[in-house]
Amino acid sequence: MPKVNFRYLHSKAFFVSLLFVAVLISSCFSPIFDSGVSPFASGASDKVVSTETELRNAINNSAGSTIITLNKDITLTETTLTIPAGKDITLTSNKASGYYKLIGVVNRHTITVDSGGALTLDGIMVTHKTGEIGGGVATSKDSTLIMLNGEITGNMGGYYYNPDDHAHMNEIIADGCGVANSGTFKMLGGRISNNTRFLHGDGGGVTNFGTFIMSGGEITGNTASWGGGVANSWPSVFEMTGGKISNNKATASVASGGGGGVSIGGSYTEKCVFVMSGGEITGNTAPDGKGGGVHNHGGKFTMTGGKISGNTAYTGGGVYGYAHIFEWIGGEISGNTFTGLYGEGDNVYPENSTGPSGGDSESSNGNNGSSDGNNGGESSGDGTSNGDSFSLREVVIICIGVVGVTLAVVMAVLLFTSKTKWSAEVKM
């Protein structure tokens, strides 16, 4: 009987096992690489900070991509926290449950990102003290902000009386109480919530003058005159492929505007664009105004997927349009309500606002007659339309766990083959 070459089989088994583990790891991380975000954004901290001075020094002295971890709540006392040009900063925190807070200076945005700067938010709360005026985050043209986890919440802007000039009011944090974006903002997770623009103004949660890409997370509980959740102002592009815009409120009257969830406005329709291919706009209200879900005044709205449902307004419960373009190609608009005595249109109003590609104003679909549009309705886009996607940190932990179990199985197989080899040699 020929002698079996166990060393050869052993090496082959080990090689195949390593190859399998490599494929498994790459498959875990491929969705993250496809999103254009480094899978190691939540990796080991480069600097742990506990004070405002330590935080500012860590940013100013950083070189290359730098992860800064908050070890406690930090209240800014000097001015806004600036991410300068040429810096690439990730802000996270190591709190066991929830997030440590970065609390801004009154009458200022908590964080500003200068042109040429880059910021990733991955597990902090950007806020102000209760009752204080101040915005969350402001980005400049040619800057980048990626939101993976955490919250931008509890910020506020509006008018206040100047004690030295009682005849006039001064405006502080005019737009975008949560986020005022003029650069490129990518929202993959986290929440922009409970930000308030009181009296007249746009965008309780987000005012977008640049490019905003939303594929996950939630914009919820924000309030403004127009665009309680999002005000898309020209020149701008807002692309929604997933996530949720929910339970926001527009306080404007029916004579002046609305948009509980989203307000799209601009003098040039091709320069103010909102594109929805997935996700959900739901539960938003404009009780005295127009467009509970979406108010499109002079902009361009293209809908190919996703769902607009459960919104309420005085007129145009789901979508209201005026002097605009609405290309309704797919997705679902249903279950919305108008409440006004003289209002009209539960789902879409006016009837011709569906544009060249849409159906009629009471239809619950696009132009293909199906209840979910022509690309899957709320399950279209990137599959995160309900906003319940895993955070980057959770994905990494899951992948490490799977790889660990796989390695344990591989080691058990190798030990078994070794014992088999020993038994065979003893018998020989």
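For the structure itself, look to the data block above.
Presented here is an overview of the structure given in this document. (Residues numbered from 1 in each chain as written. Predicted model: local features only at pLDDT ≥ 70, side-chain atom pairs only at ≥ 80, totals over all residues. Heavy atoms only, no water.)

Another point: the overall build of the chain. Across its full length, the chain holds 3 helices and 37 strands. Counting across all 428 residues of the chain, residues that qualify as buried make up 49%. Within the chain, contacts between residues separated by at least 24 positions form 78% of all contacts whose residues are at least 6 apart in sequence. On the chain, roughly 18700 Å² of surface is accessible, and the fraction owed to carbon and sulfur atoms is 57%. (Helix = DSSP H or I, 4+ residues; strand = E, 2+ residues; numbered from the N terminus. Buried < 20%, exposed > 50% of the residue type's maximum accessible area, 1.4 Å probe, protein only. Contact = heavy atoms within 4.5 Å. Areas by Shrake-Rupley, 256 points an atom, 1.4 Å probe, with all protein chains shown as cover.)

Remark on secondary structure: sheet strands pair via backbone hydrogen bonds, oriented parallel or antiparallel. With respect to topology, 10 strands assemble into an open sheet ordered S4-S7-S9-S13-S17-S21-S25-S29-S33-S37, the strand pairing being parallel. Edge positions in the open sheet fall to strand S4 (81-83) and strand S37 (348-349), since each of these has one partner strand only. The sheet contact formed by strand S29 (residues 294-297) and strand S33 (residues 319-322) spans 4 bridges and is parallel. If you follow His297 over to S33, its bridge partner there is Tyr322. (Pairing = 2+ DSSP bridges.)

Among the residues of helix H2 (residues 52-60), those classed as buried are Glu52, Leu55, Arg56, Ala58 and Ile59. Looking down the long axis of H2, one finds its buried residues gathered within 160 degrees of arc, a one-sided arrangement. In the core, the buried residues of H2 are packed alongside strand S1 (47-49), strand S2 (65-70), strand S3 (74-75), S4, strand S5 (88-93) and strand S6 (100-103). (Arc of directions from axis to C-beta.)

The alternating pattern of strand S30 (residues 300-303) places Lys300 and Thr302 and Phe301 and Met303 on opposite faces, both of which are buried. Judged from the 4 bridges that link them, strand S26 (residues 272-276) and S30 form a sheet pairing that is parallel. By the bridge assignment, Met276 is partnered in S30 with Met303. Here 4 bridges tie S30 to strand S34 (residues 325-328), and the two strands are oriented parallel to one another.

Note: S3 against S6, 2 bridges, orientation parallel. In the strand pairing of S6, Ile74 is matched with Leu102.

Let us now look at the nonpolar core. In terms of nonpolar packing, the biggest core is built from 52 residues, with Leu91, Ile111, Leu121, Ile192 and Phe301 touching the most fellow members. Tallying contributions element by element places strand S8 (residues 118-127) first for this core, with 4 residues. Among residues more than four places away in sequence, those in contact with Ile192 are Met147, Ile152, Val179, Phe185, Met187, Gly205, Val206, Phe212, Glu218, Ile219, Thr220 and Asn222. (Core = buried A, V, L, I, M, F, W, Y, C linked by side-chain atoms within 4.5 Å.)

Looking now at the environment of Met276. Looking at where Met276 falls in the secondary structure, it is placed in strand S26. The class of Met276 is buried, set by a relative accessible area of 0%. Taking C-alpha positions, Met276 is 6.1 Å from Glu239, a pair spaced 37 residues apart along the chain. Sequence-distant contacts of Met276, defined by excluding residues within four places in its chain, comprise Met240, Ile281, Phe301, Thr302, Met303, Thr304, Gly305, Gly306, Lys307 and Ile308.

On to the pattern of salt bridges, then. One side chain can pair with another of opposite charge once the charged atoms of both are near each other. Applying the stated criterion across every chain, the model contains 3 salt bridges. One salt bridge connects Glu78 with Arg56, and the closest N-O pair in it is separated by 3.6 Å. Taken as a pair, Glu78 in the loop between S3 and S4 and Arg56 in helix H2 lie far apart in primary sequence, 22 residues in all. For Glu78, a relative accessible area of 52% translates into the label exposed. For Glu218, the salt bridge identified is with Arg191, shortest N-O distance 3.6 Å. Separated by 27 residues along the polypeptide, Glu218 in strand S19 (residues 218-220) and Arg191 in strand S15 (residues 191-193) bring together distant segments of the chain. When its relative accessible area of 33% is taken as the criterion, Arg191 is described as partly exposed. Three or more residues are tied together by salt bridges with common partners; here these are Glu52, Arg56 and Glu78. (Salt bridge = Lys/Arg side-chain N within 4 Å of Asp/Glu carboxyl O.)

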